Amino acid sequence: MTPSTHTSGTASYRRWSALAAALLGAFLLLPAAQGAAPSGNKRDIFGVWLAIASNSTNFDKRWANKPYSPAPEFTPWAAEQSREQGRIGVELPTPGACQPVSPAAFVGGFFPTQILQGHNQIVLLNEWVAVPRRIYMDGRGHPPKEDWLPSWEGHSTGRWEGDTLVVDTIGTNGRTRPINGYFAGGVNATPDSLKVPRLPASDQLHLVERFRLVGNGNILELTRTVTDPKAYVRPFTSTVYMERRPDIDVQEYYCDDNERTQDEGH
């Protein structure tokens with residue numbers, strides 16, 4: 001090997017070494033695919049969430065749930081449904097007490113909700129609901145109406161608009177508890193709970209949800225808009241807040257195993 005050839009080979013080796021080191025450094029800076037989002041990622045909505053209790057360090061009037069706006073106005077069909085559902089557990093037996101809740105009431109409340117990141121979809125688990133919600137994130141649309149398979153939680157598609165996850169749901173079967181069923185005593189009605197009108201949902205429900213992080217990433221804000229022309233004169237919106245709870249897990253819970261006697265009001 002001549003000196004000039006040796007010098008040229010050494011320079012080439014050094015250039016390739018520098019390029020390999022640069023590529024390796026760039027690779028190490030990439031976030032892990034399909035794993036936990038990097039710290040500070042405003043899209044990191046994944047984990048376990050729970051309604052904010054009054055003794056929580058996150059308790060703040062800013063995170064108080066916002067009421068329905070405008071106030072839901074029934075169609076004649078929904079008014080009759082609301083009266084019928086209000087009698088359940090007081091004047092009528094309680095059929096289907098363990099039926100799933102509406103997707104419009106799936107997130108929030110006394111039981112924890114877990115948001116999981118899957119392959120081309122996001123999955124919502126609620127501890128007291130036996131079925132999950134699947135949100136398809138692969139760009140698909142809803143199936144045409146003639147191909148609908150109505151289900152408890154409907155068909156959901158999602159997309160990111162900046163830091164906000166927007167979820168669109170149709171195709172429910174109209175058989176779930178009222179939208180406000182748990183808090184209005186849809187399962188175990190009492191004279192006091194009868195003062196709160198039930199908010200039924202039909203198989204024409206169209207739900208749009210907007211999830212985003214607030215409060216330095218510790219609070220999940222969910223704004224829900226309900227459109228159901230069979231049940232309501234116009235759409236209405238509500239907002240709920242939950243706190244991130246990495247210290248708890250979603251447990252197995254099945255309603256039929258947790259029924260109580262009539263003396264306890266159930």
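About the thresholds
Residues numbered from 1 in each chain as written. Predicted model: local features only at pLDDT ≥ 70, side-chain atom pairs only at ≥ 80, totals over all residues. Heavy atoms only, no water. Helix = DSSP H or I, 4+ residues; strand = E, 2+ residues; numbered from the N terminus. Buried < 20%, exposed > 50% of the residue type's maximum accessible area, 1.4 Å probe, protein only. Contact = heavy atoms within 4.5 Å. Phe/Tyr/Trp six-rings, centres within 6.5 Å; stacked < 30°, edge-to-face > 60°. Lys NZ or Arg CZ within 6 Å of the ring centre and 35° of its normal. Pairing = 2+ DSSP bridges. Core = buried A, V, L, I, M, F, W, Y, C linked by side-chain atoms within 4.5 Å. Salt bridge = Lys/Arg side-chain N within 4 Å of Asp/Glu carboxyl O. Polar contact = N/O pair within 3.5 Å; in protein donor to acceptor, adjacent residues only side chain to side chain.

**What about the overall build of the protein?**
Piece 1. Along the protein, the regular secondary structure elements total two helices and ten strands.
Piece 2. Going from the N terminus to the C terminus, the protein shows its helices and strands as α-β-β-α-β-β-β-β-β-β-β-β.
Piece 3. Looking at the protein residue by residue over its 266 residues, the buried ones come to 36%.
Piece 4. Taking the intrachain contacts of the protein between residues at least 6 apart in sequence as the baseline, contacts between residues at least 24 apart amount to 60%.

**As for the packing of aromatic side chains**
Piece 1. Across all of its chains, the model carries six aromatic pairs by this definition.
Piece 2. Here a set of aromatic residues connected by ring pairs shows up, and it is made of Tyr68, Phe74, Tyr232 and Phe236.
Piece 3. When the ring centre of phenylalanine 106 is taken as origin, the NZ or CZ atom of arginine 133, which lies over that ring, is 5.9 Å away.
Piece 4. Between arginine 140 and the ring centre of tyrosine 136, over which it is positioned, the NZ or CZ distance is 3.9 Å.

**Looking at the pairing of strand β3 (residues 113-118)**
Piece 1. Where strand β1 (residues 47-51) meets β3, three bridges bridge the pair, whose relative direction is antiparallel. If you follow tryptophan 49 over to β3, its bridge partner there is threonine 113.
Piece 2. Of the pairings in the sheet, the one linking β3 to strand β4 (residues 121-126) comprises six bridges and is antiparallel in character. Its bridge partner lying in β4, glutamine 114 is registered against leucine 125.
Piece 3. With antiparallel pairing between neighbouring strands as the criterion, β3 and β4 make up a hairpin whose turn holds two residues, including asparagine 120 at a positive phi of roughly 60 degrees.

**Examining the nonpolar core**
Piece 1. By size, the foremost hydrophobic cluster in this structure holds 21 residues, and its most contacted members are Ile45, Val107, Ile115, Ile122, Leu124, Phe211 and Leu220.
Piece 2. When contributions to this core are tallied by element, the ones reaching two or more residues are β4, β7 (164-170), β8 (206-214), β9 (219-227) and β10 (236-244).
Piece 3. Setting aside residues no more than four positions away along its own chain, isoleucine 122 makes contact with Phe46, Ile115, Leu116, Arg133, Arg134, Ile135, Met137 and Leu165.
Piece 4. Core analysis: the second largest hydrophobic core is formed by eleven residues, Leu205, Leu207, Tyr232 and Phe236 among them.

**Focus on the pattern of salt bridges**
Piece 1. The full count for this structure, using the stated rule, is ten salt bridges.
Piece 2. Measuring nitrogen to oxygen at the nearest pair gives 2.6 Å for the salt bridge that ties glutamate 73 to arginine 234. Placement of glutamate 73 in the loop between β2 (66-69) and α2 (76-87) and of arginine 234 in the loop between β9 and β10 is noted, with a sequence separation of 161 residues between them.
Piece 3. A residue is classified by how much of its surface remains accessible, and arginine 234, at 37% relative accessible area, is partly exposed.
Piece 4. Among the ionic pairs, arginine 133 bridges to glutamate 209, the shortest N-O distance being 2.8 Å. Taken as a pair, arginine 133 in strand β5 (residues 133-136) and glutamate 209 in strand β8 lie far apart in primary sequence, 76 residues in all. Each of the two residues, arginine 133 as well as glutamate 209, counts as buried.
Piece 5. Members of the salt-bridge network, linked through shared partners, are Arg159, Glu161 and Arg210.

**A few points about the environment of histidine 119**
Piece 1. Within the secondary structure, histidine 119 is located in the loop between β3 and β4.
Piece 2. Residue classification places histidine 119 among the exposed residues on the basis of a relative accessible area of 64%.
Piece 3. Separated by 17 residues in sequence, histidine 119 and tyrosine 136 place their C-alpha atoms 9.2 Å apart.
Piece 4. Among the polar contacts made by the side chain of histidine 119, one reaches the side chain of asparagine 120 at a distance of 3.2 Å.

**Examining the pairing of β1**
Piece 1. One ladder, built from three bridges, connects β1 with β10; its direction is antiparallel. Note that in β10 the partner of tryptophan 49 across the bridge is arginine 244.

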